[in-house]
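Analysis of the macromolecular model
If you want the building blocks of each chain, they are given just below.
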Amino acid sequence: MKRSVQFKQNHVLSTIGQYGYVTRALLEHLLPYSAYQLARWLTSLQKLDYIAARAFSPESKSYGGSRPNAYSLLPAGLRQLNAAGMQTRYIAVFKRNDQLQHDVRVAEVHASFAGLQNHYSGIALETWLLDHSRFHLSFISDERNIQLTPDGVAIFRNSRGQRFCYLLEYDRGTVHLDELFRRIDNYLLFFRHIKHTQISKWQSVTDFRVIFVVEDRPERSRKQYANLLQYALTLNQNRGSKLFWFTAAENIDYQNPARLFDPIFEVAIRGSHIKPRPLFY
């Protein structure tokens, strides 16, 4: 039985809502529809005020030097999905150009994680939570209330029922290093605070890793990646911490998610025997 055009348009709406801010290229990758069909439906959904389209000026060469649109869900689109019984969570808020680029890139990391099961049936993305309105970490340390807001939270489950939790920090070089160092300190405090307890009431996860995905920004310090890794290595009396994993943004590509099975992550622990690792090991 053929699915109706209405269903397919709702499928597009649902995917936009699921990923937050997406380009048409990412939608073409995620959905089983032609570029021509998607272009028509995106135009139609904009006219209905179901989605917003905001052009941004990307710095990444992966966008071909053009000004693509970042599509996001509007309240009317959310109501349309609810009426159709298709639940989703994310609606658009106004963002500056650099924030849009950041959120588009986070969506692409999400797509890379979700695409792993197409290359290996033994692992699947069970949960993805996006930004502070969905998930944040809060705890008390030395009478201070500390809150951490990862860019995304990914929980995988393998065929043996084991679960792997990764908190994503996507760095485009727009945040000062001192702020990133503070986040590293607070993640380590949180790790010690919740040891042997659940990270959150909604999930029985007791262990996690923090992944820093770092873009190379020529107009800023090219040492951003090295500085973050080096700082993490100074933790625990210069022993470092296996909590923190680092990789360059170019290593994560939603068109080639199997790359995550390659040793592309550097773990911030000392020792000549330590080598880059894949996402699961």
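Residues numbered from 1 in each chain as written. Predicted model: local features only at pLDDT ≥ 70, side-chain atom pairs only at ≥ 80, totals over all residues. Heavy atoms only, no water.

Regarding its fold elements, the protein chain presents eight helices and ten strands. Per-residue burial over the protein chain gives 50% buried out of 281 residues. Of the contacts made within the protein chain by residues no fewer than 6 positions apart, 62% connect residues no fewer than 24 positions apart. Of the roughly 14,600 Å² that the protein chain leaves accessible, carbon and sulfur atoms contribute 48%. (Helix = DSSP H or I, 4+ residues; strand = E, 2+ residues; numbered from the N terminus. Buried < 20%, exposed > 50% of the residue type's maximum accessible area, 1.4 Å probe, protein only. Contact = heavy atoms within 4.5 Å. Areas by Shrake-Rupley, 256 points an atom, 1.4 Å probe, with all protein chains shown as cover.)

For the rest of this paragraph, the subject is helix H3 (residues 35-47). A rise of 1.5 Å per residue sets the reference length of H3, with its 13 residues, at 18 Å; its end C-alpha atoms lie 19 Å apart and thus fit the reference within 8%. Restricting attention to buried positions, one finds in H3 the residues Leu38, Trp41, Leu42 and Leu45. Buried residues of H3, seen end-on, are gathered within an arc of 105° and therefore sit on one face of the element. Seen from the buried face of H3, the exposed residues on the opposite side, beyond 90 degrees, are Tyr36, Arg40 and Lys47. Asp49, located one to two residues past H3, shows a positive phi value of around 60°. (Expected span 1.5 Å × (residues − 1). Arc of directions from axis to C-beta.)

A few words now on the sheet that holds strand S8 (residues 209-214). The sheet built from six strands is open, its strands ordered S3-S6-S7-S8-S9-S10 with mixed pairing. Among the strands making up the open sheet, the edge pair consists of strand S3 (123-130) and strand S10 (266-269). Averaged over all adjacent pairs, the angle separating strand axes in this sheet is 30°, with direction ignored. Bridge count for strand S7 (residues 163-171) against S8 is six bridges, and the pairing is parallel. The residue bridging Tyr166 from the neighbouring strand is Arg209, located in S8. Against the sheet, helix H7 (residues 224-233) touches S7, S8, strand S9 (240-248) and S10, its axis set at about 170° to S9. (Pairing = 2+ DSSP bridges. Axes fitted to C-alpha atoms, helices over the stretch in contact; angles between N-to-C directions.)

Bringing the pattern of salt bridges into the picture now. Under the defined criterion, the tally for this structure stands at ten salt bridges. Arg163 is paired through a salt bridge with Glu126; the nearest N and O atoms lie 2.7 Å apart. Separated by 37 residues along the polypeptide, Arg163 in strand S7 and Glu126 in strand S3 bring together distant segments of the chain. Using a relative accessible area of 34% as the deciding quantity, one classes Glu126 as partly exposed. For Asp262, the salt bridge is made with Arg259, and the minimal N-O distance between the two is 3.4 Å. Each member of the salt-bridge network shares a partner with another, and the members are Arg105, Glu108, Arg172 and Glu215. (Salt bridge = Lys/Arg side-chain N within 4 Å of Asp/Glu carboxyl O.)

Attention now goes to the environment of Val210. Within the secondary structure, Val210 is located in strand S8. Judged by relative accessible area, which is 0%, Val210 ranks as buried. In the structure, Val210 is positioned 34 residues away from Phe244 in sequence and 5.0 Å away in space, judged by C-alpha atoms. Ignoring anything within four residues of it in the chain, the contact list for Val210 reads Leu167, Glu169, Tyr187, Leu243, Phe244 and Trp245.

Moving on, we get to the nonpolar core. Core analysis: the biggest nonpolar cluster contains 28 residues, and Phe208, Val210, Phe212, Leu228, Leu243, Phe244 and Phe246 have the highest contact counts within it. Contributions of two or more residues to this core are made by strand S6 (152-158), S7, helix H6 (177-193), S8, H7 and S9. In terms of residue count, the dominant contributor to this core is H6 (eight residues). (Core = buried A, V, L, I, M, F, W, Y, C linked by side-chain atoms within 4.5 Å.)

The next subject is the pairing of S9. Buried residues dominate S9, accounting for seven of its nine residues. Relative to S9, S8 runs parallel, the two being bridged by five bridges. Within S9, the position partnered with Ile211 by the bridge is Trp245.

Quick look at the side chain of Arg277 now. Within the secondary structure, Arg277 sits in the segment after S10. Those residues in contact with Arg277 that sit more than four places away from it in its chain are Asp262, Pro263, Ile264, Phe265, Val267 and Ile269.

Let's shift gears to unusual backbone geometry. Most peptide bonds take the trans form, and the phi angle of most residues other than glycine is negative. Phi at Gln237 is positive, roughly 55°, even though this residue is not glycine. Position of Gln237 relative to the elements: it lies in helix H8 (residues 235-238). Residue Gln237 is classed as exposed on the basis of its relative accessible area, which comes to 65%. One non-glycine residue, Asn238, lies in positive phi territory at about 65°. By the secondary structure assignment, Asn238 is in helix H8.

Residue-level pLDDT values for the protein chain average 83, and 80% of them are 70 or greater. For the protein chain, strand S4 (residues 137-141) is the element with the lowest average pLDDT, namely 66, and S8 is the one with the highest, namely 95. (pLDDT = per-residue confidence, 0-100.)

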